[in-house]
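The chain contents come next:
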Amino acid sequence: MNRLFWRFALLVLLAVALGSCVIYFTFSRLFGDPLEHIARDQAAGQIFLLQQYVDQAPADEWLPRLNKVREVSDVTLELQPLAAVLAALPAAQRAPLLQGAVVMDVGGKAFYRRVDATGARYAGCEDDVIHAQSLPIDIAQALRMEAIRFAVIALCLLLPLGWWTRAHGRSLAALSRMADDFGQGDLTARAQVSSASSIAPLAARINDMAERIASLLEARKHLLLSVSHELRTPIARLEFGLELLAARHAEGQPDLRRRVDAMGADVEELKTLVNELLGLMQLDHAQALPRQPFAVAPLLQACLAALPRQVDAGIAADLGEVRGDPRLLARAVGNLLGNAAKYAVARIALSAARDGDALRIVIEDDGPGIPAGQREQVFAPFYRLAREQDHATAGHGLGLAIAARAVALHGGAIAIDDSPLGGARFTIYIRA
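Described in the following lines is the structure provided in the data block.

Reading the values: the criteria
Residues numbered from 1 in each chain as written. Predicted model: local features only at pLDDT ≥ 70, side-chain atom pairs only at ≥ 80, totals over all residues. Heavy atoms only, no water. Helix = DSSP H or I, 4+ residues; strand = E, 2+ residues; numbered from the N terminus. Buried < 20%, exposed > 50% of the residue type's maximum accessible area, 1.4 Å probe, protein only. Contact = heavy atoms within 4.5 Å. Areas by Shrake-Rupley, 256 points an atom, 1.4 Å probe, with all protein chains shown as cover. Pairing = 2+ DSSP bridges. Axes fitted to C-alpha atoms, helices over the stretch in contact; angles between N-to-C directions. Core = buried A, V, L, I, M, F, W, Y, C linked by side-chain atoms within 4.5 Å. Left-handed = near helix turned anticlockwise from the far one by under 90°. Nonpolar A, V, L, I, M, F, W, Y, C, P; charged D, E, K, R; others polar. Parallel < 35°, antiparallel > 145°, perpendicular 65-115°, else oblique. Salt bridge = Lys/Arg side-chain N within 4 Å of Asp/Glu carboxyl O.

### Quick notes on the overall build of the protein
The helix and strand tally for the protein stands at 13 helices and 11 strands. Looking at the 432 residues of the protein, the share that counts as buried comes to 35%. Across the protein, contacts joining residues at least 24 apart in sequence account for 62% of those joining residues at least 6 apart. Surface exposure of the protein reaches about 25,000 Å², of which carbon and sulfur atoms provide 59%.

Structure representation (structure tokens):
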């Protein structure tokens, strides 16, 4: 936190100093030197006395009045030749002097002013300049005031900055501790950051990422357990079949061919399961799809043609195209159609239409449906409803998981509700 504060403090001080310099040079460029204005204000009394007392005297009284001012004032008033003064002044001040203006010499605490451009006050006065010296000009006081103003502004900026960096440092420390704990294997570690903190959105995203990683690791754990359980059954049947095959072969039993065919079916079941597992794991590890446009209507027609059952189809003519992987989307639709075919009593329906800028594909059946409390769980790998019909049907509970993942990779989602036909209705939403 200290390092963060001092870095910000240094930047703030540099920014205030730079801003002060920019303001000074800008004002000098537009309105003249601010220090000269301060000096002119401090010498305003002497300038007023010269203009309102000495200059207002008649021609024969001008010099006596000037001498009276010399006697009573601490300011030194001298008459100098115009040519000498012009040679000593910077080029930018020569023209104002010739025009009769008061020209300030801030460093010398003095000012110059031409006596008269016409020579009316006394003979030869057009060639003389009044040089007022020892004026009560104190630029150091003005600089001290500017320094105090600079310090007050810096303090007003640094106090809230110190408070902010203290809170910000605590949030960063909490985030760092969470990263350390999570990296050491504590998958329940989360960043405890106030919602008012400036890094609260970052902490929320990191917490979401940690939740996702923890869920994936937990899912892998359950997946391994489920895979071992699911593979054990067909393997046990194969082992048992092999033992029977060996025994009956020794006895010369006639049903040897039937047993061999059954074992072949078990092998196919294993192959199907392994292929589905590989497909699911590939989808889980996929981060993006090759995006290519493809027509939706022909894809849906091909999915219907591949299903060995009659389906009531209602495919709109204006479906157009979507960008993504047609093979994956076809697999998702095919899995949902296959799921409907397992449970449908007599009817399966598929409809597709445009809903604004989204594509909506609906697949429904007249089967037993899915209970409302289990509609999110059916997309988990190997999940089956606890009813006899589900265990009697073929499959391993991977089809819906693959479909959900394939649709998610297209930026869409699958919703489940009750169908007017009496069974379940799966709705795919994909933003085109």
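### Looking at the sheet that holds strand β1 (residues 76–81)
With respect to topology, 4 strands assemble into an open sheet ordered β1-β4-β3-β2, the strand pairing being antiparallel. The two strands at the open ends of the sheet, each matched to only one other strand, are β1 and β2 (103–105). Across the sheet, the mean angle from the axis of one strand to that of its neighbour is 25°, orientation sign disregarded. Bridge count for β2 against strand β3 (residues 110–114) is 3 bridges, and the pairing is antiparallel. Bridge pairing in β3 links Asp105 to Ala110. In this fold helix α3 (residues 44–54) packs onto β2, β3 and β4 (128–133), with an angle of close to 20° to the strand it touches most, β3.

### What about the nonpolar core?
The biggest cluster of nonpolar side chains holds 39 residues, and the ones touching the most others in it are Leu300, Leu337 and Phe426. Residue contributions to this core peak at 7 residues, all from helix α11 (residues 326–343). The next biggest cluster of nonpolar side chains, apart from the first, holds 21 residues, and it includes Ala43, Ile47, Val102 and Ala132.

### Focus: the packing of α3 against helix α4 (residues 62–72)
Contact geometry of α3 with α4 gives a least axis separation of 10 Å together with a crossing angle of 145°. For the pair α3 and α4, the crossing hand works out as right-handed. Side by side, α3 and α4 meet where Leu49, Tyr53 and Val54 of the first sit next to Trp62, Arg65, Leu66, Lys68 and Val69 of the second. Counted by class, the contact of α3 with α4 contains 6 nonpolar, no polar and 2 charged residues.

### Looking at unusual backbone geometry
Of note, Lys109 is a non-glycine position whose phi angle comes to about 50°, a positive value. Mapped onto the elements, Lys109 comes out in the loop between β2 and β3. Under the relative-accessibility criterion, Lys109 is labelled partly exposed at 42%.

### What to know about the pairing of strand β10 (residues 413–418)
Of the strand pairs in this sheet, β10 and strand β11 (residues 424–431) are connected by 6 bridges, and their pairing is antiparallel. Looking across to β11, one finds that Ile414 is bridged to Ile428. Hairpin connection between β10 and β11: a loop of 5 residues separates the two successive antiparallel strands, and Gly422 in this loop has a positive phi of roughly 115°.

### A word on the packing of helix α2 (residues 34–42) against α3
At a minimum axis distance of 4 Å, the contact between α2 and α3 shows a crossing angle of 60°. Between α2 and α3, the angle is such that the two are oblique. Contact with α2, carried on its side by Arg40, Asp41 and Gln42, involves Ala44, Gln46 and Ile47 of α3 and no other residues of that element. When the residues that make up the contact of α2 with α3 are grouped by side-chain class, the tally is 2 nonpolar, 2 polar and 2 charged.

### Looking at the sheet that holds strand β8 (residues 348–355)
With respect to topology, 5 strands assemble into an open sheet ordered β6-β8-β9-β11-β10, the strand pairing being mixed. In this open sheet, the two edge strands, each paired with only one partner strand, are β6 (312–315) and β10. Put simply, the sheet's adjacent strands are angled 15° from each other on average, direction ignored. Strand direction decides the pairing type here: β6 and β8, joined by 4 bridges, are parallel. Counted as the bridge partner of Ile315 is Ala352 from β8. Against the sheet, helix α10 (residues 296–306) makes contact with β6, β8 and β9 (358–365), and its axis sits at roughly 175° relative to β6, the strand it touches most.

### What to know about helix α13 (residues 399–409)
Burial of α13 is extensive: 8 of the 11 residues sit out of reach of the surface. Within α13 the residues assigned to the buried category are Leu400, Ala401, Ile402, Ala403, Arg405, Ala406, Val407 and Leu409. Directly beyond the C-terminal end of α13, a positive phi value near 80° is found at Gly411.

### Here we look at the pattern of salt bridges
Counted according to the given criterion, the structure contains 10 salt bridges. For Asp418, the salt bridge identified is with Arg375, shortest N-O distance 2.5 Å. Placement of the pair is Asp418 in strand β10 and Arg375 in the loop between β9 and α12 (388–392), with a sequence separation of 43 residues. With relative accessibility at 16%, the residue Arg375 sits in the buried group. Salt bridges sharing partners connect three or more residues here, namely Asp55, Arg113 and Arg121.

Remember that the coordinates give geometry; whether it matters functionally is a separate question.
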